[in-house]
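# Reading the structure
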Amino acid sequence: MGRKIVVALGGNAILSKDASAAAQQRALLETARQLVKFIENGDQLIISHGNGPQVGNLLLQQAAGSTQDNPEMPLDSCVAMTQGTIGYWMQNAMNQVIRERGLDQAVATVVTQVEVSSDDPAFGQPTKPIGPFMNKAEADLAQKQNPEFKFIEDAGRGYRRVVPSPKPIGVIETAAVNTLVDAGIVPITVGGGGIPVVRDGNRLVGKEAVIDKDFASEKLAELIDADALIILTAVDNIYVNFNQPNQKKLKRVSTVELGRYIEQKQFAPGSMLPKVEAAVDFVNTTGKEAVVTALDNIEGFIKEGEGTVIVKQSVSTNV
Ligand SMILES: Nc1ncnc2c1ncn2[C@@H]1O[C@H](COP(=O)(O)OP(=O)(O)O)[C@@H](O)[C@H]1O
Ligand SMILES: NC(=O)OP(=O)(O)O
C-alpha cells in the first residue's frame, strides 16, 4: 500500500455559484480528475468533503415545503442527507474518471457518524456558517422571519446563518473505514464533518449541529494512522498578511511558527483558521505532515512538493 492520505475537499471542489445537482456533479467530475492523480501516484486515498452550502440550502427547502404530515427533518438528518448526496456524486464522478484512466479502483461512501460531547460549549454558541451568502438587507429580513436563528458576516464574503459546530472526539465508523482502506478501496467518509452524535448509554443520539470538515478529517486521519492530511481549498498556499501588498507565501512551516501567526490573527475564523488549526493538531499529535494547497495544484504537490507543508520542526523557506 502507498502513502495513506486523507484529503479534505473545500467548497470550491463541489459548488461555486450554480447550486443545481448537475452543476455540482460537473464540478465534482473536475475534482475527481485531480484526485485520481493521487491514485496514479500509488497513494491510498481517503476522501472527505464539506457540506456547508448544501446543508443550509436543504434546510431552506425543508422550511419552504414542510407541512404537518410532511415535517422538516432535524439538522443531523439533513447532514446525513447531504453526506449521502455528495458521496453519491463523488463516487459516481470517481468511477467515471477511474474508467477513463483505465484504472482498477473501487470507491465507496460510508455514512459516517462523528462523536461530539454534549457538554461542548459550541452548542450554546453557533459559529459554523451554512447555506447561501446574503447581503445585509436579506440577512436582516431572514433574522426578522427567524428570530431564533443567528446570522454573521462570513470572512468578508456576505452574511450567512450560523449553527453550533462542536469539536469531533471520535469517528464511529473508524473500523469500517480501516477495513475499506486495508482492502485497497477508496472511502469517502466524514462528509460534511460527519453526522454529529452523542453517546447516551448504548444509544448514539443525533445532535443539531454541523461539524467542521477540516477538524473531522483531522480526527479521522489520526484514528486511521494516516501518513498525511491534505486540505484542498481555493488558494495555492497559506499566506501571512493575506491579500495585502506585503503578503508572504508559507511554503514549509513549523507548527510553532503557525501558532505565532494564529496569535497575530493572520487567519480568518470560519475560513483559513480551522484549516490551520486542524493541520497543526494533526502534525503535533502524530509527528506526520499536513498540507494546505489548491485542488488544481495536486500535480504540483505530488511532483514538486508545492503548497504549504506543515511540519513539527522546519527550516523556514518562506518568501
Ligand atoms: N491567511 C490566509 N491565507 C490564505 N487564504 C486565506 C487566508 N485567510 C483567509 N483566506 C481565505 O480562506 C479561503 C479558504 O477558506 P474557505 O473558502 O472557507 O474554505 P473551503 O475551501 O473549505 O470552502 C481561501 O480561499 C482564502 O480566500
Ligand atoms: N461541514 C463543513 O465544514 O462544511 P464546509 O467546509 O462546506 O463549510
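Per an unreviewed UniProt entry, the chain goes by the name Carbamate kinase and belongs to Lentilactobacillus diolivorans DSM 14421. Of the comments in the UniProt record for the chain, the one headed Pathway (unreviewed entry) reads "Metabolic intermediate metabolism; carbamoyl phosphate degradation; CO(2) and NH(3) from carbamoyl phosphate: step 1/1." Comment text from UniProt for the chain, heading Sequence similarities (unreviewed entry), reads "Belongs to the carbamate kinase family."

Further remarks concern the site of ligand 1. Residues in contact with ligand 1 amount to 18 residues; listed here are only the nearest, Gly 11, Lys 213, Thr 233, Tyr 239 and Lys 275. Contacts to ligand 1 include Arg 157, whose side-chain N or O atom sits 3.1 Å from an oxygen atom. Lys 213 places a side-chain nitrogen or oxygen 2.8 Å from an oxygen atom of ligand 1. Mapped by element, the contributors of at least two residues to the shell around ligand 1 are strand E13 (238–240) and helix H8 (272–286).

The next subject is the packing of helix H7 (residues 255–263) against H8. At their nearest, the axes of H7 and H8 sit 10 Å apart, and the two run at 150 degrees to each other. Here H7 is positioned roughly antiparallel relative to H8, judged by the angle of their axes. In the packing of H7 onto H8, the handedness of the crossing is left-handed. Taking contact as the criterion, the partners of Thr 255, Leu 258 and Ile 262 in H7 are, on H8, Leu 273, Val 276, Glu 277, Val 280, Val 283 and Asn 284. Looking at the contact of H7 with H8 residue by residue, the classes come out as six nonpolar, two polar and one charged.

With that out of the way, let us pick up the nonpolar core. Across soluble globular proteins, you tend to see nonpolar side chains buried next to one another. If you look at the biggest cluster of nonpolar residues, it comprises 37 residues, and the most contacted ones within it are Val 6, Leu 220, Ile 238, Leu 258, Phe 267 and Ile 310. Listed by contribution, the elements that provide at least two residues to this core are strand E1 (4–9), helix H5 (174–182), helix H6 (213–223), strand E12 (228–233), E13, H7, H8 and strand E16 (289–294). If sequence neighbours within four positions are ignored, Leu 220 has contacts with Val 6, Ile 46, Val 171, Val 177, Thr 189 and Val 190. Residues Ala 13, Ala 228, Leu 295 and Phe 301 belong to the second largest nonpolar core, which totals 33 residues.

Applying the stated criterion across every chain yields a total of 16 salt bridges. One salt bridge connects Glu 40 with Arg 101, and the closest N-O pair in it is separated by 2.8 Å. Here the residue Glu 40 occupies a position in helix H1 (residues 21–40), and Arg 101 occupies one in the loop between helix H3 (75–100) and strand E3 (107–109), the gap between them amounting to 61 residues. Residue Glu 40 is classed as partly exposed on the basis of its relative accessible area, which comes to 38%. For Asp 214, the salt bridge identified is with Lys 213, shortest N-O distance 3.5 Å. Both residues of the pair, Asp 214 and Lys 213, count as buried. Linked through salt bridges whose partners overlap, the residues forming this network are Glu 30, Arg 33 and Glu 100.

Conventions we followed
- Residues numbered from 1 in each chain as written.
- Chains lettered and ligands numbered in written order.
- Predicted model: local features only at pLDDT ≥ 70, side-chain atom pairs only at ≥ 80, totals over all residues.
- Heavy atoms only, no water.
- UniProt positions renumbered as here; feature names shortened; annotations may be inferred.
- Near = heavy atom within 4 Å.
- Polar contact = N/O pair within 3.5 Å; in protein donor to acceptor, adjacent residues only side chain to side chain.
- Helix = DSSP H or I, 4+ residues; strand = E, 2+ residues; numbered from the N terminus.
- Axes fitted to C-alpha atoms, helices over the stretch in contact; angles between N-to-C directions.
- Parallel < 35°, antiparallel > 145°, perpendicular 65-115°, else oblique.
- Left-handed = near helix turned anticlockwise from the far one by under 90°.
- Contact = heavy atoms within 4.5 Å.
- Nonpolar A, V, L, I, M, F, W, Y, C, P; charged D, E, K, R; others polar.
- Core = buried A, V, L, I, M, F, W, Y, C linked by side-chain atoms within 4.5 Å.
- Buried < 20%, exposed > 50% of the residue type's maximum accessible area, 1.4 Å probe, protein only.
- Salt bridge = Lys/Arg side-chain N within 4 Å of Asp/Glu carboxyl O.

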